[in-house]
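Observations on the three-dimensional arrangement
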Amino acid sequence: GAVDLDRFRPEGTRLENRKRLGLVEQGVLLVTVRRLVPRMGIDVLIDALPKVIEERPDVSLVVGGDGPMRAALEKRAKDLPVRFLGYVPDDQLPSLYRAADVFVLPTRALEGFGLVAIEAMACGTPVLGTPVGAIPEVLGPDLLLPGTGPDDIARGIVRFLGGPVPARLRERVLQYDWKKVVDSAEAALKAAMI
């Protein structure tokens, strides 16, 4: 897992990035970008949203990505402030991450690394994720949601929104710079051949 830190970097304000993408959402914007399949947990995030809105009525959610669950997820979210963008072209991903107040990674199962998490943090956006796969290692305890259920996700988002934003988010992902990762892998391979 590695990230292009030249491409994924802070640039412009959240509002400027929202305008660039045609996002008119006001208030606190949660964003997720996932393949719309069960293991990604988008349904659980949608189920958590009403509980978040009880505490924070200014919250809305933007979902980037496509997949076989899209119609069912749109139906599930029909009375909620949720917008589905469909497939997000690679050149728009940095702006989408920068437009978010919080990126949410609600994975239920089989999350090997969570590349979107380090891409968003490289853009300076806080990421909240479930304790699945490598997500705890990548995010650290202060950005980890308490579980994978709707109550856990809602409680974690509300808690996070009520506190200070952690400092130096980008610095947390500097170790995942492509050059550092390639150099490290190359050194390990050379050592193994000796």
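As a starting point, this report considers the structure included with it.

Thresholds, definitions, all that
Residues numbered from 1 in each chain as written. Predicted model: local features only at pLDDT ≥ 70, side-chain atom pairs only at ≥ 80, totals over all residues. Heavy atoms only, no water. Helix = DSSP H or I, 4+ residues; strand = E, 2+ residues; numbered from the N terminus. Buried < 20%, exposed > 50% of the residue type's maximum accessible area, 1.4 Å probe, protein only. Contact = heavy atoms within 4.5 Å. Expected span 1.5 Å × (residues − 1). Phe/Tyr/Trp six-rings, centres within 6.5 Å; stacked < 30°, edge-to-face > 60°. Salt bridge = Lys/Arg side-chain N within 4 Å of Asp/Glu carboxyl O.

Note on placement: Ser 60 falls in strand 2 (residues 59-64). The exposure class of Ser 60 is buried, given its relative accessible area of 6%. Residues within four places of Ser 60 in sequence aside, it is in contact with Glu 25, Gln 26, Val 28, Leu 29, Leu 30 and Pro 81.

A word on helix 2 (residues 42-55). In a regular helix each residue adds 1.5 Å, so 14 residues correspond to 20 Å; helix 2 covers 20 Å between its end C-alpha atoms and thus fits that length. Within helix 2, the full set of buried residues consists of Ile 42, Asp 43, Val 44, Leu 45, Ile 46, Ala 48, Leu 49 and Val 52. Packed against the buried residues of helix 2 are strand 1 (28-33), strand 2, helix 3 (70-76), strand 3 (82-86), strand 4 (102-105) and helix 7 (150-161).

On to the packing of aromatic side chains, then. Per the stated rule, a full pass over the model turns up two aromatic pairs. An aromatic cluster is present here, built from Phe 8, Tyr 97 and Phe 103 joined pairwise through their rings.

Let us look at the side chain of Asn 17. Among the secondary structure elements, Asn 17 is positioned in helix 1 (residues 14-21). Residue class for Asn 17 comes out buried when judged on its relative accessible area of 0%. Residues contacting Asn 17, with those up to four places away along its chain left out, are Glu 11, Gly 12, Ser 95, Arg 98 and Ala 99.

Another point: helix 5 (residues 115-122). Of all eight residues in helix 5, seven are buried; the element is thus mostly enclosed. All of the buried residues along helix 5 are Val 116, Ala 117, Ile 118, Glu 119, Ala 120, Met 121 and Ala 122. Phi turns positive, to about 90°, at Gly 124, one or two residues after helix 5.

On to the pattern of salt bridges. Close approach of charged atoms allows side chains of opposite charge to pair. Scanning all chains against the criterion turns up twelve salt bridges. Notably, a salt bridge pairs Arg 56 with Asp 58, separated by 3.1 Å at the nearest N-O pair. In this structure Arg 56 comes out as partly exposed when scored by relative accessible area, which is 24%. Arg 70 serves as the salt-bridge partner of Glu 74, at 2.8 Å between the closest nitrogen and oxygen. You can see Glu 74 and its partner Arg 70 sitting in helix 3, four residues apart, about one turn around the helix. Residues joined by salt bridges that share partners form a network here, namely Arg 14, Arg 18 and Asp 101.

Attention shifts here to the environment of Val 104. By secondary structure assignment, the location of Val 104 is in strand 4. Owing to a relative accessible area of 0%, Val 104 belongs among the buried residues under this scheme. Along the primary structure Val 104 and Glu 55 are separated by 49 residues, whereas in three dimensions their C-alpha atoms are 17 Å apart. Not counting residues up to four positions away in its chain, the partners in contact with Val 104 are Leu 30, Val 31, Thr 32, Leu 45, Leu 128, Leu 145 and Ile 157.

By themselves, these are just geometric observations and shouldn't be taken as functional.
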